[in-house]
Amino acid sequence: MNWDDTGPDTDERLDERLDERLDERLVDAGADGEDTAVEAALRPKDLDEFVGQEKVREQLDLVLKAALARGATADHVLLSGAPGLGKTTLSMIIAAEMGAPIRITSGPAIQHAGDLAAILSSLQEGEVLFLDEIHRMSRPAEEMLYMAMEDFRVDVIVGKGPGATAIPLELPPFTLVGATTRAGLLPPPLRDRFGFTGHMEFYAPAELERVIHRSARLLDVAIDADGAAEIAGRSRGTPRIANRLLRRVRDYAQVKADGRIDRTVAAAALRVYEVDARGLDRLDRAVLGALLKLFGGGPVGLSTLAVAVGEERETVEEVAEPFLVREGLLARTPRGRVATPAAWTHLGLVPPSHDGKGQQGLFGA
C-alpha cells in the first residue's frame, strides 16, 4: 500500500473539478463550445449513416422498427460508454427514426425532484427525453424517475409536514434515453427499468477513417486516404477527437500547405499540436516521462507522480491515466503505478538494469 495515495474524491466532485481542465486538451473526448456547434452539422441523421457500433446499431434498429410496427413508443434506452463515442447522436437518431420530437437535458441540471417533474409534465406523447450523464442526477429525482419510467406517472407532493398530500399526475407515454460514462454508478432499480442497454465501444482505426472522410466532405476539406489514416491513428478511438484533429489539421493545411491533407501534412500539423503517433499529448508524455526517468519505471504512488509532473492528483488519475492504461503503457498495481515495456519503447528509452531479486532499483540503480 502507498501511504501517499489518499482516498478518492466523490465522483461528482471529480467531475466538477476536471471539467475546466479537460477543455484545455486537444485529445480530450469531452465536448467544448466549438465541438457542440460543429457536431450539429456533422451528426448523421439516421442509423444507416451512423458509422461504427455495429452491434448496438443492429439491436437498436430492431427495437425501433418493432415499436413502429406496434404503433407504440420505443422502450427506454440506456447508452453507456466513454465520452465522444456518439451517445448524443444516437439519441437524436432514435427520435428521428420514431418521428418524434426530442427534449435534451442532463443529470447535473436536475438537482431536485421538482425540476424533473416540471420536465416530465410538459412532455408530449411519444416524445424522446435525452438525459445525459444520468448518473449525476440527484437521488430524489432518481426515485421519481422510477415511477415515471414504469407507470408513466409521478406523485407531486403538495404541502408540508403531516398535512402533505401526494397528487398523482399521469404522464403521456414517452421514451427516455439515458447516457452515462459510468454505468456502474447507476443504482440497479434504475438500470432495470431500461428496456434496451447498449454499450458503446471505442472505434477501430478503419472506422475512424470513414468518420474522417465523411466529415471532410461535409467541411469541404480535401484529404487523401493516407492523411485520414494518419489522423485516425492519433484519435484515441474516438470520433469526437478525430473530428477535432481534422479541423486543426485543416487549419494547418490552409496556412502552411495548399489546403490538401496528406500524411505528411497531417503529421506535421499534429506535431505542432503535440499529439504524437499514438495519440499522446503533452500531459500523457509528462506522466510517462516522470515515471520512467525519475522513478525508474515504478512502482510509485499516485500523489508522488502528480507532484513530479506539477499536476493535481485527480488530473493525473482521471485525465491522463485511463488512456495510458488502455494503451498498455502504464499499469495500476497495489504498490503504485508501473510503466510497461511498451512505455520505454514509445519514449525511446532503455529500461534500467534489474537487481539480483528481479526488482527494479530506484532511479534505475
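Scroll up to find the structure.
A short tour of the structure in this document, coming up. (Residues numbered from 1 in each chain as written. Predicted model: local features only at pLDDT ≥ 70, side-chain atom pairs only at ≥ 80, totals over all residues. Heavy atoms only, no water.)

### Here we look at helix α12 (residues 282-294)
- Helix length check: α12, at 13 residues, gives a terminal C-alpha distance of 17 Å against a target of 18 Å (1.5 Å per residue), a fit within 8%.
- Taken together, the buried positions of α12 are occupied by L283, D284, V287, L288, G289, A290, L291 and L292.
- In the stretch just after α12, G296 is the one whose phi turns positive, near 60°. (Helix = DSSP H or I, 4+ residues; strand = E, 2+ residues; numbered from the N terminus. Expected span 1.5 Å × (residues − 1). Buried < 20%, exposed > 50% of the residue type's maximum accessible area, 1.4 Å probe, protein only.)

### Topic: the packing of helix α8 (residues 205-219) against helix α10 (residues 239-256)
- Between α8 and α10, the shortest axis-to-axis distance is 10 Å and the interhelical angle comes to 50°. The angle between α8 and α10 places the two elements in the oblique class. Relative to α10, α8 is oriented so that their crossing is right-handed. Packed against α8, whose contacting residues are L208, V211, I212, S215, A216 and L219, the element α10 presents P239, A242, N243, L246, R247 and R250 at the interface.
- Considered class by class, the residues forming the contact of α8 with α10 number eight nonpolar, two polar and two charged. (Axes fitted to C-alpha atoms, helices over the stretch in contact; angles between N-to-C directions. Parallel < 35°, antiparallel > 145°, perpendicular 65-115°, else oblique. Left-handed = near helix turned anticlockwise from the far one by under 90°. Contact = heavy atoms within 4.5 Å. Nonpolar A, V, L, I, M, F, W, Y, C, P; charged D, E, K, R; others polar.)

### Here's the deal with the pattern of salt bridges
- The full count for this structure, using the stated rule, is 19 salt bridges.
- Salt-bridge contacts for E318 lead to R182; the nearest nitrogen and oxygen are separated by 3.3 Å. Of this pair, E318 sits in helix α14 (residues 313-326) while R182 sits in the loop between β6 (175-180) and α7 (188-191), placing them 136 residues apart in sequence.
- On the accessibility criterion, E318 (27% relative accessible area) is partly exposed.
- As a salt-bridge pair, R263 and E230 come within 2.9 Å of each other at their nearest N and O atoms. Linking R263 in helix α11 (residues 263-272) with E230 in helix α9 (residues 225-232), this pair joins segments that are 33 residues apart in sequence.
- Salt bridges linked by common partners bring D226, E230, R234 and R263 together as one network. (Salt bridge = Lys/Arg side-chain N within 4 Å of Asp/Glu carboxyl O.)

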